[in-house]
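Reading the structure
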Amino acid sequence: MIPVAFDYARPTSLDEALGLLANDGGTTKVIAGGQSILPLMKLRLAQPARLIDIGRLAELRGVRRIEGDRLAIGALTTYDELLRDPNIVHGLLRDALPGIGDVQVRNRGTIGGAIAHADPASDMPAILLALEADVVVRSSKGERVIPITTFFNGPFTTALGADEILVEVRFLAGRDNYGSAYRSIEQPASGYSLAGAAVIVGRKDRGSGPLDDVRIALTGVADTPYRATAAEKAFLSSGKPADAGAHATDGVTVASDIHADAEFRAAVAAVQVRRALEAAIARAE
Amino acid sequence: MGGAAALKAAGKVRDKARRYAAHMLEASVDDIEVDGANFRVKGSPDKVKTLQEIAFALDLGFSLPEGMEPYLDETVYHDTPNCTWPFGTHVALVQVDEETGQVDLVRYVAVDDVGKKINPMIVDGQLHGGIVQGIGQALWEGAVYSDEGQLLSGSMLDYAVPRASWLPNLELDETVTPSPVNPLGVKGVGEAGTIASTAAVVNAVIDALSPLGIRHIDMPLSPPTVWHAIQAAKAGPGKGNGKEARR
């Protein structure tokens, strides 16, 4: 319950933080809200030699509208700030945000922290996969834009370099003729998903024809969150949410642990996909 | 036990104070009236000693009647002729998601008889705590061990204890039947909640699943456990006893 000793630095600008990281041997972790790294350190599952606290860098906070009808979310934006932001109208975020952690976690936990941490059962990664988000990272050498689809390498591992800080997440603003939803069943002790489905559905031409655009992503089911492309194809060909559910875990090695076996996870993932899709369709109409 | 012993000891202290008040006021013990903390001579309202004055004088012990020891304290040994028997009935209303095995506790009503209540708020708190502990055992709390005996659910991220936000408002009511085995008529309350609630919740889930032929599921009734029981029951009659769900 007590972390091993560590050094602590609190830079006053992003450049200063990047400078500290550039001269580091890879034994440093970046801390923002501390809602994931601190429990891991207290359990001694993580033992960084140094923490760089970027939690007070105002330049990384807040929601902006950018060109292309997109939103740029600063990495330090908390769940609670997202929930209160008038730009965040997406049904799947509205579904998920109030259920993340508890009040304290939502006040401290950040969107950047959630995806940099890359817990395979975290809600936010699946939502950003469905939103086809871009992850903006910066190092002292410059900036990279990483599509979220290539960001998660495995449990708790990402494309983020040791000298990089995640600064922003970009995704489309809410659109007419689109609906989205998030449905999840939680492991009660941790609050993480045993199976969670994020779904966006709509019409590309924004007309009144059949729903021809769908994105489905799952969390808690495998060792990383993933886009369920087989489920998307099944829905586009039949228009039936249950068909998407039936293909929710195609080609995926479904996780099994003390909280839920693979058979249960796969079955319930199918249910969550179907239910999220039904809710998203109702919102799109 | 403790309450009855305290009552008896307080009575002995009061009796000694009354005897000493009679000594101080030069009156007969039978003529001393006790009115709250005031000990006065019957018919002479101005002849009065307070409990504080009596205790102080007895502690000094300068003037003691024949055979009386100083200090105003008494020891009582109390045994009870029988146990007390609090009783009650608890009703749980649950909703089971047949597709996910998720159990939702919708309503919980408890009517308990703990005899006379000395502090009703503490009694309600004991009932709340006990009921929730029992619900936790029914639905969430499970110590998981590996085949080698290693505890796998060793942190609060793995071992679920109940949270207020998962629970409905607990609806409490009472009957009051004083216990005949102690002078206060009180009964125990500490375990009343936890004894009934586990069984009430589990029975409610089994009742909800009884159309499938399910008669038993091992606790805790987590979604995977309930889901597997449902799958086994649907696979064939008599198979839905929950044992298949254990991995």
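Residues numbered from 1 in each chain as written. Chains lettered and ligands numbered in written order. Predicted model: local features only at pLDDT ≥ 70, side-chain atom pairs only at ≥ 80, totals over all residues. Heavy atoms only, no water.

Here we come to the sheet that holds strand β4 (residues 63-66) of chain A. Residues and elements named next belong to chain A. Ordered by their spatial adjacency, five strands build an open sheet running β4-β5-β10-β6-β7, and the pairing between neighbours is antiparallel. Two strands in the sheet have a free side with no partner beyond their single neighbour: β4 and β7 (142-147). On average, adjacent strands in this sheet sit at an angle of 25° to one another, irrespective of strand direction. Where strand β5 (residues 70-74) lies against strand β10 (residues 165-172), five bridges are found, and the strand directions are antiparallel. Bridge assignment links R70 to a residue of β10, and that residue is L172. (Pairing = 2+ DSSP bridges. Helix = DSSP H or I, 4+ residues; strand = E, 2+ residues; numbered from the N terminus. Axes fitted to C-alpha atoms, helices over the stretch in contact; angles between N-to-C directions.)

A separate point is the sheet that holds strand β6 (residues 170-174) of chain B. Two orientations exist for strands paired in a sheet by backbone hydrogen bonds: parallel and antiparallel. All names here are of chain B. Taken together, the three strands give an open sheet; going across it, the order is β4-β5-β6, and neighbouring strands pair in mixed fashion. The sheet is open, and its two borders are formed by β4 (87-96) and β6, each paired with just one other strand. With direction set aside, neighbouring strand axes in the sheet form an average angle of 15°. Contacts from helix α3 (residues 120-139) reach β4, β5 (103-113) and β6, with the element oriented near 130° to β6. The sheet strands contacting helix α4 (residues 192-209) are β4 and β5, and the helix crosses β4 at an angle near 40°. (Contact = heavy atoms within 4.5 Å.)

What follows covers the interface of chain B and chain A. Counting residues at the interface gives 21 residues for chain B, matched by 18 residues for chain A. Both sides together, the interface formed by chain B and chain A hides about 1600 Å², and carbon and sulfur atoms give 63% of it. In terms of surface lost to chain A, no three residues of chain B exceed E99(B), L157(B) and W227(B), which account for 33% of the buried area on that side. Connecting chain B to chain A are three salt bridges. Two residues, R275(A) and E99(B), come together in a salt bridge whose shortest N-O distance is 2.8 Å. For the pair chain B and chain A, the number of links is seven residue pairs in polar contact (both at pLDDT 80 or more). Here the side of chain B that touches chain A is built from residues that sort into 11 nonpolar, five polar and five charged. (Buried area = accessible area lost by both parts, 1.4 Å probe. Salt bridge = Lys/Arg side-chain N within 4 Å of Asp/Glu carboxyl O. Polar contact = N/O pair within 3.5 Å; in protein donor to acceptor, adjacent residues only side chain to side chain. Nonpolar A, V, L, I, M, F, W, Y, C, P; charged D, E, K, R; others polar.)

Let us look at the pattern of salt bridges. Opposite charge on two side chains allows them to pair when their charged atoms are near. Considering all chains together, one arrives at 28 salt bridges over all chains under this definition. Residue D97(B) pairs with R275(A) through a salt bridge whose shortest N-O separation is 2.7 Å. Placement of the pair is D97(B) in the loop between β4 and β5 and R275(A) in helix α10 (residues 262-284), with the two residues belonging to separate chains. Classification of D97(B) by relative accessible area gives partly exposed; the value is 21%. Connected via shared salt-bridge partners are E132(A), D213(A), R215(A), R227(A) and E232(A). (Buried < 20%, exposed > 50% of the residue type's maximum accessible area, 1.4 Å probe, protein only.)

Shape is all these values report; function is a separate question.
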